[in-house]
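# Breakdown of the fold
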Amino acid sequence: ISHELCTPLTGLQSGLSNLLAGVAGRPGRRVRHYLEAMDGDCRRLAGLVHDLVDMAKLQAGSMPLQRCVFDVVPLVVEAHGRAAEAATCKGLQFQITPDSEMRAVYADPQRIGQVLDKLIANAIRFTPPGGRVSIRTQRLGESVFVEVEDSGIGIDAAQRPHIFGTFY
């Protein structure tokens, strides 16, 4: 299924990229606006397809993990940096509070970064302008915690038991 979705999506992305680059002539401002919106939608759709593939790998127990020892704080700082523009454009207070007592962890930094990016993106998406998104790292005993908190709408109490269900 992912192949069947990726093939036409790749063609759409390639065509849009070419149009935006002016291969068929320089698009006017209005046309460029529509092309950029379409390009953004294609990128989001491609991200969803990749998420579905990752979900299938997780469920099958075949998700490759590249574990190593690394410091969590730089990973969190990088994630904060990637999302800073989106938070600023929305008028959000976006802060990071790293724990100076942090220690190295043994995990897959790419997968941890992926989860962190999703949590931050959701926090930004569901927090109204003027709100707050904060990221905190904390060491408690032998455990390391990374917390993303926002002043957004939250998740309805009736929906909470289902949020980690497949495709919910």
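Criteria and thresholds
- Residues numbered from 1 in each chain as written.
- Predicted model: local features only at pLDDT ≥ 70, side-chain atom pairs only at ≥ 80, totals over all residues.
- Heavy atoms only, no water.
- Helix = DSSP H or I, 4+ residues; strand = E, 2+ residues; numbered from the N terminus.
- Salt bridge = Lys/Arg side-chain N within 4 Å of Asp/Glu carboxyl O.
- Buried < 20%, exposed > 50% of the residue type's maximum accessible area, 1.4 Å probe, protein only.
- pLDDT = per-residue confidence, 0-100.
- Pairing = 2+ DSSP bridges.
- Axes fitted to C-alpha atoms, helices over the stretch in contact; angles between N-to-C directions.
- Contact = heavy atoms within 4.5 Å.

Right, let's get into the environment of Ile153. By secondary structure assignment, the location of Ile153 is in the segment after β5 (143–150). The sequence separation of Ile153 and Phe164 amounts to 11 residues, and the corresponding C-alpha distance is 18 Å.

Quick look at the pattern of salt bridges now. Overall, the coordinates contain 7 salt bridges when judged by the stated rule. In this structure, Glu36 and Arg32 form a salt bridge, with 3.4 Å as the shortest nitrogen-oxygen distance. Taken together, the positions of Glu36 and Arg32, both in helix α2 (residues 29–60) and 4 residues apart, correspond to about one turn of that helix. Residue Glu36 is classed as partly exposed on the basis of its relative accessible area, which comes to 43%.

A few words on the confidence of the model for the protein chain. For the protein chain, per-residue confidence averages 90 on the pLDDT scale, and residues scoring 70 or more make up 99% of the total. Within the protein chain, no element has a lower average pLDDT than α2, which sits at 86, and none a higher one than strand β2 (residues 93–97), at 96.

Once that is clear, we can look at the sheet that holds β5. The strand order β2-β4-β5 describes an open sheet built from 3 strands, whose pairing is mixed. The two strands at the open ends of the sheet, each matched to only one other strand, are β2 and β5. Each adjacent strand pair in this sheet contributes to an overall mean axis angle of 10 degrees, direction not counted. In the sheet, strand β4 (residues 132–140) pairs with β5 via 8 bridges, with the strands oriented antiparallel. Paired with Leu140 across the two strands is Ser143, which belongs to β5. The strands touched by helix α3 (residues 72–89) within the sheet are β2, β4 and β5, with β2 carrying the most contacts at an inclination of about 175 degrees. The strands that helix α4 (residues 109–125) touches are β2, β4 and β5; relative to β5, the one it contacts most, it runs at about 25 degrees.

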